[in-house]
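# Structure assessment
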Amino acid sequence: RSKYENVEVVFITHDSTAKEVSEKDFFTKSTWGGTCASTGLELVNQISEERYHPSSWNLYAFHLTDGDNYDSDNGKYLDQHAKLEKIVQLFGYVELEPSKSYSSHENKLSGILAPRIQKNSRCVLINQKEDVFLAFRELLGAEKKSDK
């Protein structure tokens with residue numbers, strides 16, 4: 001926001017459904033319920049089509065998650081990701097505290113997504129708060145974690 005004159009940020013939360021929320025709500029309110037991550041990407045695709053056509057906007061999408069998703073939703077998630085990846089300059093997948101997950105699923109989203117991503121997508125894992133800044137620098141291409 002500090003470098004560009006016309007920046008708009010959209011915040012979306014999801015559990016079994018997705019909705020657009022304020023920045024404050026995004027960072028202060030939790031969602032509860034089953035995780036169908038595809039609903040979040042589907043809403044991003046819908047909002048992009050309606051308000052931020054890629055011929056007029058540079059689009060950047062970031063999915064922050066604990067990595068949990070219903071196994072039955074993984075295929076739809078990959079389909080929505082592939083659609084989104086075609087219109088964004090960068091898709092950043094950020095898995096937060098993967099070692100602290102309460103999930104019993106064997107496959108985290110990063111495991112199913114990483115082999116399928118194209119050159120404009122990046123995946124990072126954040127294990128602790130101190131890793132946040134470096135992880136986003138890595139997503140944006142400024143630094144690799146291995147360069148520390």
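The structure contained in this document is the topic of the report that follows. (Residues numbered from 1 in each chain as written. Predicted model: local features only at pLDDT ≥ 70, side-chain atom pairs only at ≥ 80, totals over all residues. Heavy atoms only, no water.)

A few words now on the pattern of salt bridges. Enumeration according to the criterion identifies four salt bridges in this entry. Of the charged contacts in the structure, one is a salt bridge between Lys29 and Asp25, with a shortest N-O distance of 3.6 Å. Looking at Asp25, the relative accessible area reads 25%, which means it is partly exposed. We note a salt bridge from Lys83 to Glu49, for which the minimum N-O separation is 3.1 Å. Highlighted residues: Lys83 in helix 3 (residues 74-85) and Glu49 in helix 2 (residues 38-51), separated in sequence by 34 residues. Judged by relative accessible area, which is 53%, Glu49 ranks as exposed. (Salt bridge = Lys/Arg side-chain N within 4 Å of Asp/Glu carboxyl O. Buried < 20%, exposed > 50% of the residue type's maximum accessible area, 1.4 Å probe, protein only. Helix = DSSP H or I, 4+ residues; strand = E, 2+ residues; numbered from the N terminus.)

Before going further, it helps to spend a moment on the sheet that holds strand 4 (residues 90-96). By definition, the strands of a sheet pair up through backbone hydrogen bonds, in either a parallel or an antiparallel sense. If you trace the three strands from one edge of the open sheet to the other, you get 3-4-5, paired in parallel fashion. Edge positions in the sheet fall to strand 3 (60-65) and strand 5 (121-126), since each of these pairs with one other strand and no more. Mean inter-strand twist for the sheet, computed between neighbouring axes without regard to direction, equals 15°. Sheet topology note: the strand 4/strand 5 ladder contains six bridges and is parallel. Across the sheet, residue Glu95 finds its bridge partner in strand 5, namely Leu125. Its contacts with the sheet put helix 5 (residues 132-139) on strand 3, strand 4 and strand 5, and the angle it makes with strand 5 is roughly 170°. (Pairing = 2+ DSSP bridges. Axes fitted to C-alpha atoms, helices over the stretch in contact; angles between N-to-C directions. Contact = heavy atoms within 4.5 Å.)

On to the pairing of strand 3, then. Here strand 3 shows a buried face lined by Ala61, His63 and Thr65 and an unburied face lined by Tyr60, Phe62 and Leu64. In terms of strand pairing, strand 3 meets strand 4 through six bridges, oriented parallel. Within strand 4, the residue paired with His63 across the bridge is Tyr93. This β-α-β element, strand 3 to helix 3 to strand 4, shows right-handed connectivity. (Right-handed = clockwise from strand over helix to strand, strands pointing away.)

Applying the stated criterion across every chain, the model contains five aromatic pairs. The interplanar angle of 45° and the centroid separation of 5.1 Å between the aromatic rings of Phe11 and Phe26 together place this pair among those described as tilted. Linking Phe11 in strand 1 (residues 11-14) with Phe26 in helix 1 (residues 23-28), this pair joins segments that are 15 residues apart in sequence. Aromatic pair Tyr52 and Trp57: ring centres 4.8 Å apart, planes at 85°, arrangement edge-to-face. Here Tyr52 falls in the buried class, since its relative accessible area comes to 10%. By relative accessible area, Trp57 is classed as partly exposed at 21%. (Phe/Tyr/Trp six-rings, centres within 6.5 Å; stacked < 30°, edge-to-face > 60°.)

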